Amino acid sequence: MMAKIKAGLVSLRDLVATAWWIFLIAGLGFVVAYQFVEPAPPKHVVMTAGGESGAYYQFAKRYAAILARDGITLEVLPSEGSLQNLERLKNGEAQIGFIQGGVIEPSPEAEIDQEPESHGLLSLGSMFYEPVWVFYRGKTIDRLTDLQGKRIAIGQEGSGIRHLAQRLLDDNEVDFRSNTVPISGLDAAEELQQGRIDAAFIIAAEHAPVVQVLLRSPDVKLMSFSQSFAYERRYPFLTRLTMPKGVADLVRDFPPEDTRVLAPTASLVVSEDLHPALQNLLLQAARQVHGKPGFFQTANEFPAYMDGMLPLSSEAERFFKSGPPFLQRYLPFWLAVLVDRLFVLLLPVIALLIPLMRVAPALYSWRVRSKVFRCYGELKFLEDDLKNHFDRERLPEYRSRLDALDEEAAELHVPLGFTDLVYTLREHVNLVRRILDKKERGA
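None of the values given here were measured: they were computed from a predicted structure. (Residues numbered from 1 in each chain as written. Predicted model: local features only at pLDDT ≥ 70, side-chain atom pairs only at ≥ 80, totals over all residues. Heavy atoms only, no water.)

## Observations concerning the side chain of aspartate 385
Turning to step 1, where the next piece is worked out: Along the chain, aspartate 385 falls in helix H11 (residues 333-388).
Turning to step 2, where the next piece is worked out: Every residue in contact with aspartate 385, bar those within four places of it in the chain, is listed here: Phe390, Arg394, Tyr398 and Arg401. (Helix = DSSP H or I, 4+ residues; strand = E, 2+ residues; numbered from the N terminus. Contact = heavy atoms within 4.5 Å.)

## Observations regarding the pattern of salt bridges
Turning to step 1, where the next piece is worked out: One pass over the structure, following the stated rule, counts 17 salt bridges.
Turning to step 2, where the next piece is worked out: Put simply, glutamate 383 and lysine 387 hold a salt bridge, and the shortest N to O gap is 3.3 Å. Of the two residues, glutamate 383 and lysine 387 are both situated in helix H11; the distance of four residues between them amounts to about one turn of the helix.
Turning to step 3, where the next piece is worked out: Given the relative accessible area of 17%, glutamate 383 is considered buried.
Turning to step 4, where the next piece is worked out: Among the ionic pairs, glutamate 397 bridges to arginine 401, the shortest N-O distance being 3.7 Å. (Salt bridge = Lys/Arg side-chain N within 4 Å of Asp/Glu carboxyl O. Buried < 20%, exposed > 50% of the residue type's maximum accessible area, 1.4 Å probe, protein only.)

## As for the pairing of strand S12 (residues 265-271)
In regular strands, side chains alternate between the two faces of the sheet.
Turning to step 1, where the next piece is worked out: Among the seven residues that make up S12, seven are buried, leaving the element largely enclosed by the rest of the structure.
Turning to step 2, where the next piece is worked out: Alignment of strand S3 (residues 96-100) against S12, held across five bridges, turns out to be antiparallel. Directly across from glycine 97, in S12, lies its bridge partner valine 269.
Turning to step 3, where the next piece is worked out: Bridge analysis of strand S4 (residues 121-129) against S12 gives six bridges, and the strand direction is antiparallel. The partner of leucine 122 across the bridge, within S12, is valine 270. (Pairing = 2+ DSSP bridges.)

Right, here's the structure in full:
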């Protein structure tokens, strides 16, 4: 057993002595390749949403439940709305957030075909429509100019609806500074039902409680934008939508006619340094949450890149073209990430090792054989000396040299696969010894 272990160690020693430079080159290749490997994705990320009763927050909580299946903790922070979400993303307080279309406006100097400014952020695409509902009391109106002089609820400070409502009212030359009320949601619905305000801007999905309450309020009407085409042209972030007749209530036939509304889209925005694997995981969650049909959207219409306020992430661009990454389709998230990182790390090292490993066996064999060949050189010199310059007085020297060669051959440490060379060498030493015996008898 000890002899086998000793022989194995000899083989290992010769291998290391022969191939050390291969290991060195492979190690350097490993170090270089490591510079291009993405670090492992973080296990904890922060998402800024909206009010706890709003759609942003509820959608974010659904994201958190989906990401938790893959071991990712998504911390959801409530906020006052899109403006606060934007500030948190810019300040690094969160890595993910919902931003309403139109909140980020292009700079006046930007060219029409110019890539939008990133602000250190990237878009993963639009996730859903956010219809602009204008509910009102009194005689029928179909233009925002008709709201002049009325008390209007336009949402709280920092909210996306307030930002958009002020912009639309200002462009319609409606003096909103003295007649607007900073309330939103169900509070605005109650004020409108009680007649304490005349109109309310609401941004919410069609199934939101505030929308359903106001659609069924007897004295409250929903404005149909007669200038919807004009708004769509003037504001690229707005989409003209039609609420079909009777879609809200088939029995009561509400709305009584097709109603035109405007809608920005809510974009899922991330920090530009958010790990690519997490971006893909978020997009898969978004497809589950937002891919269903609704009043205004068809199945699998979202997510999609519909609002160009921010550059589209390269990961999202690939996702929209070909779906989730290949490995994430068939492997658990953590395993897919690990395999992907190992692939990036090991591929160049393997490509470097293949030609080197072809050379290594020849070098290994040459190194082991060289020990035996060195003895053969000494033996050849001695044989030539006997044949051409034999001197009886040097007999003790000849025998001493042969004995030394035989002893050196016997003590050679070579791997088991090369021991035949040692035995052959010793046979040849004995052959030269027989030549010496003949010379001694014949001289």
